Amino acid sequence: MKIYEKAPAKINLMLDVLHKRPDGFHEVEMVMTMVDLADRLEMVELPRDTIIISSQAGYIPLDEKNLAFQAARLIKDRYDVKKGVHIHLDKKIPVAAGLAGGSSDAAATLRGLNRLWGLHIPIKELQQLGAELGSDVPFCVTGGTALATGRGELLTPIENPPQCWVVLAKPPINVSTADVYTRLKSNQITKHPSASNMIAAIQSGNFHEVCGQLGNVLEDVTLKLHPEVQHLKETMMKLGADGTLMSGSGPTVFGLVSKESKVPRIYNGLRGFCREVYAVRLLT
Ligand SMILES: C[C@@](CO)(OP(=O)(O)O)[C@H](O)COP(=O)(O)OP(=O)(O)OC[C@H]1O[C@@H](n2ccc(N)nc2=O)[C@H](O)[C@@H]1O
Ligand SMILES: Nc1ncnc2c1ncn2[C@@H]1O[C@H](COP(=O)(O)OP(=O)(O)O)[C@@H](O)[C@H]1O
């Protein structure tokens, strides 16, 4: 049997860090949503007890370091599944970009294997399994739009923001999430974005209010290390975006745009100096 799952990218509309916890993780408040830029997973059942990962992308690990592999192994171990699976990852989401590509592949693997092997695991339980793989995985299991607290795994669904275009630009630099959190001095944050204001803006359905509430405390860290990310934000605004923000720990910057007619100018202007640019819709 063969099944398919889509694994969409996430963006953080706001991200605040409250403090560092004794377990080394940071207590966060994030409003996350999904965009229509997705990896595609093909899962084929194998009669023998093995997990095979393949991909057209030459730049991701295909062994136990792959998050889809880890998700498959976790579900096999936990539910004592003796069958195997070949997972082919058609990667479209840029890697190590702040868009949760690996986390979404892991979440899609959990959803897919639940179907492929007829395990009937409830969604809440899939999210708990996801939390063992990474802080962003539980959100990726369900998607939609949510307030994420704790280390990112405690989720409260909220309504989707007003529909708009999202232009994403990933500069060719490497950012490590762990490094960005380590460099953040959470007691020195001067301006905290507000989750409740962002939620109120979303609930009002007012696109410009949503743009006004965009904020990410990890931006300061990544922007200091890589001034080109700041340059990308400024260029997006000059080209006509209604609001811009870095997603997660970066380095991808997204611009929200309400008018479709503005999108080609922003896209083409960015493509002039950034190879990885995407113009997509929110996944609402
Ligand atoms: C920053 C965010 C925002 O959505 O996304 P990305 O930039 O990775 O997409 C997330 O918090 C990333 O989530 P995820 O990528 O799943 O991180 P994990 O694998 O759980 O953790 C990687 C490392 O980041 C740090 N970490 C992560 C989450 C958190 N709340 N506090 C932390 O300090 C820890 O050092 C951890 O070892
Ligand atoms: N299925 C996967 N897709 C992409 N990256 C993966 C995957 N599995 C493991 N990785 C590794 O996870 C790291 C983070 O990748 P990714 O999830 O794309 O980034 P981010 O957490 O910034 O959104 C990369 O170093 C990559 O090598």
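Conventions adopted
Residues numbered from 1 in each chain as written. Chains lettered and ligands numbered in written order. Predicted model: local features only at pLDDT ≥ 70, side-chain atom pairs only at ≥ 80, totals over all residues. Heavy atoms only, no water. Buried < 20%, exposed > 50% of the residue type's maximum accessible area, 1.4 Å probe, protein only. Helix = DSSP H or I, 4+ residues; strand = E, 2+ residues; numbered from the N terminus. Pairing = 2+ DSSP bridges. Near = heavy atom within 4 Å. Polar contact = N/O pair within 3.5 Å; in protein donor to acceptor, adjacent residues only side chain to side chain. Areas by Shrake-Rupley, 256 points an atom, 1.4 Å probe, with all protein chains shown as cover. Nonpolar A, V, L, I, M, F, W, Y, C, P; charged D, E, K, R; others polar. Domains from an automatic or database assignment.

1. What about the pairing of strand 7 (residues 165-170)?
Argument step 1. Here strand 7 lies mainly inside the structure; six of its six residues are buried.
Argument step 2. Across the two faces of strand 7 the burial is the same, with Trp165, Val167 and Ala169 and Val166, Leu168 and Lys170 all buried.
Argument step 3. Direction of pairing for strand 7 relative to strand 10 (residues 253-257): antiparallel, over a ladder of five bridges. The partner of Trp165 across the bridge, within strand 10, is Val257.

2. Observations concerning unusual backbone geometry
Glycine aside, a negative phi is what most residues show, and trans is what most peptide bonds show.
Argument step 1. In the segment running from Gly250 into Pro251, the intervening peptide bond is cis, with an omega of 5°.
Argument step 2. For Pro251, the location among the structural elements is in the loop between strand 9 (243-246) and strand 10.
Argument step 3. Notably, Asp80 is not glycine yet its phi reads approximately 50°, a positive angle.
Argument step 4. Inspection of the secondary structure puts Asp80 in the loop between helix 1 (67-78) and strand 4 (84-90).
Argument step 5. The class of Asp80 is exposed, set by a relative accessible area of 54%.
Argument step 6. Backbone geometry places His120, a non-glycine residue, at a positive phi of 55°.
Argument step 7. Classification of His120 by relative accessible area gives exposed; the value is 72%.

3. With respect to the site of ligand 1
Argument step 1. Around ligand 1, a shell composed of 23 residues is seen, among which Lys10, His26, Ser135, Tyr181 and Ser249 lie nearest.
Argument step 2. With respect to ligand 1, the side chain of Asn12 contributes an N or O atom lying 3.1 Å from an oxygen atom.
Argument step 3. At 2.6 Å, a side-chain N or O of Ser135 approaches an oxygen atom of ligand 1.
Argument step 4. Burial of ligand 1 by the protein amounts to 81% of the accessible area it has alone, namely 700 Å².
Argument step 5. Those elements that provide at least two residues to the shell around ligand 1 are strand 1 (2-20), strand 2 (26-46) and helix 5 (177-183).
Argument step 6. For the shell around ligand 1, the element with the highest residue contribution is strand 2, accounting for four residues.
Argument step 7. Among the residues forming the shell around ligand 1, the class breakdown is 10 nonpolar, 10 polar and three charged.
Argument step 8. In this structure, the shell around ligand 1 is formed jointly by two domains, domain 1 (2-158) and domain 2 (165-281), each of which donates at least three residues.

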